[in-house]
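Spelled out, the chains give:
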Amino acid sequence: MLGVPTVADRVAQMVVKIYFEPRVEPHFHSDSYGYRPGKSAHDALAVTRGRCWKYDWVLEFDIKGLFDNIDHELLMKAVRKHTGNPWVILYIERWLKAPFQMPNGAVVERTKGTPQGGVISPVLANLFLHYAFDRWMDKKQPDKPFERYADDAVVHCSSLEGALELRDSLEGRLAECGLELHPTKTRIVYCKDDDRRGDYPETKFDFLGYTFRPRRSKNRYGKLFINFTPAVSNKAKKAMRQAIHNWRMHLKPDKTLEDLARMFGPMIRGWIDYYGRFYKSELYSVLKHMNRALVRWVQRKYKKLANQRRATHWLRRVAGREQGLFAHWQLGILP
C-alpha cells in the first residue's frame, strides 16, 4: 500500500534523509544497488550478467511485502546504531508508527512496516536489509555473491546443492527478522549455455525488468553461440505495448506529428535508454508497435492516406527526413 506523507512530513523526512543517509551509506554493501546515490539498476544488471557467466546456478528471490512487514523494534535498533541524535530518532519512530488515513476517512494503526511513498522509507528499508540479509550473507555464505535491489535479489551458487541449502537457510534467517520469501517469486535457476550440459526445469529468471536466459549471440569473430544473457522481459514489453495502446494516438487527429513527438517521445527515449542497454534487438518489436500506432494516426488524420500502405509509405518518407523526431527512428526502426 502506498502511504503518501503530508507536505510538512515530506519536508521533514527530506531533512532527516539529508542528515541520516550520509551516516549509513558508507556502511552499506557494495552489492546493494536500490535507491542509492551513484548506483543504478544497470549496474546491478551488468554485475549479474558477469556472475551468471562464472556461476552455474542462481537463487532468485523476492521478499514478500517488505515495506509492510519491517519490524519496528529491529529497525530502530539499527537506526540507533548509526545515530544518537534524539530528534532524528524521535521523528523516524513517529513516522513508522503514524497511522494510515484511508480514503473513506477511517484511521488504521500501524504496528510494523514503513510506508512506501515516504522520502525516508527507501533508506530505512536498505538499512533493515543491510543487517537482515547483506551482512548475514557475508558472514554465513561468503562464497555466494549476490546483487540486491531493494527487496529483489539474486544469489550466485556453484552447485544445485549449495543453492538448495542457501534457500533453506535464507528462509530461516528472514523468518527471524519477521520477513518471508515470496512463494512464487523464489526459484533456483540453471544458467544454461553452450558449455553447460544437462536439462533442468528452470533456465531463466527475471530481474529489474530483464529476463536472463540462454540466447543466441555472436562472438568477436562472428561465430554464433548460446550465451546466458539479459534482454527486456516479456512482461515489460507487454506493459509498453499497453501504454502505447492507452495513448490512443489514432483518436488525436487534431495533433501534428511534432505534437505527438513532444507528448510521447520522452517515454520512448526512456524505454530505449533503460531496456535497450542489453540485447537491444529484443526491444524492436515494441518500437515497431509504436510505428504501427503512428500509421493508424496518419490514416485518421489524412483522408488521402486512409489506405494503410499509403500511410506507411508517407510516414516512412517523413521518418527518413526527420529521424530526430522519435528516438527509435534514430536507431533505424522506421515504419
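Above this text you will find the structure in question.
What this report covers is the structure whose coordinates are included nearby.

What counts as what
Every chain is numbered on its own, with residues counted from 1 as its sequence reads. At least 70 in pLDDT is required for a residue's local features to be given in this predicted model, at least 80 for side-chain atom pairs to be given and counted, and no such filter applies to totals for whole chains, interfaces and linings, which use all residues. Processing note: side-chain calculations cover all non-hydrogen atoms of the structure and skip hydrogens and water entirely. What counts as a ring pair is set by centres within 6.5 Å for rings of Phe, Tyr and Trp (its six-membered ring), and what kind of pair is set by the plane angle: stacked under 30 degrees, edge-to-face over 60, tilted for all other angles. Secondary structure counts use DSSP, requiring at least four H or I residues in a row for a helix and at least two E residues in a row for a strand, with both numbered from the N terminus. The buried label applies to any residue whose accessible area, calculated with a 1.4 Å probe on protein chains only, is under 20% of its type's maximum; exposed applies above 50%, and partly exposed to all values in between. Here a polar contact is recorded for every N or O atom pair within 3.5 Å, except that within protein the pair must consist of a potential hydrogen donor and a potential acceptor, and residues adjacent in sequence are included only if both atoms are side-chain atoms. The criterion used for residue contact is that any of the two residues' heavy atoms lie within 4.5 Å.

Some words on the packing of aromatic side chains
The full count for this structure, using the stated rule, is 19 aromatic pairs. Ring centres of Tyr-190 and Tyr-200 lie 4.7 Å apart, and the angle between their planes is 55 degrees; on these two criteria the pair is classed as tilted. Highlighted residues: Tyr-190 in strand 6 (residues 187–190) and Tyr-200 in the loop between strand 6 and strand 7 (205–207), separated in sequence by 10 residues. Tyr-190 gets classed as buried once you look at its relative accessible area, which sits at 5%. Residue class for Tyr-200 comes out partly exposed when judged on its relative accessible area of 36%. In textbook terms, an aromatic cluster arises when at least three aromatic residues are bridged by ring pairs, as seen for Tyr-210, Tyr-274, Tyr-275 and Phe-278.

Re the side chain of Thr-83
Here Thr-83 shows up in the loop between helix 4 (72–82) and helix 5 (86–97). Polar contacts involving the side chain of Thr-83 include one to the main-chain amide nitrogen of Asn-85, which spans 3.1 Å. When neighbours within four sequence positions are excluded, Thr-83 is seen to be in contact with Tyr-19, Phe-20, Val-88 and Ile-89.

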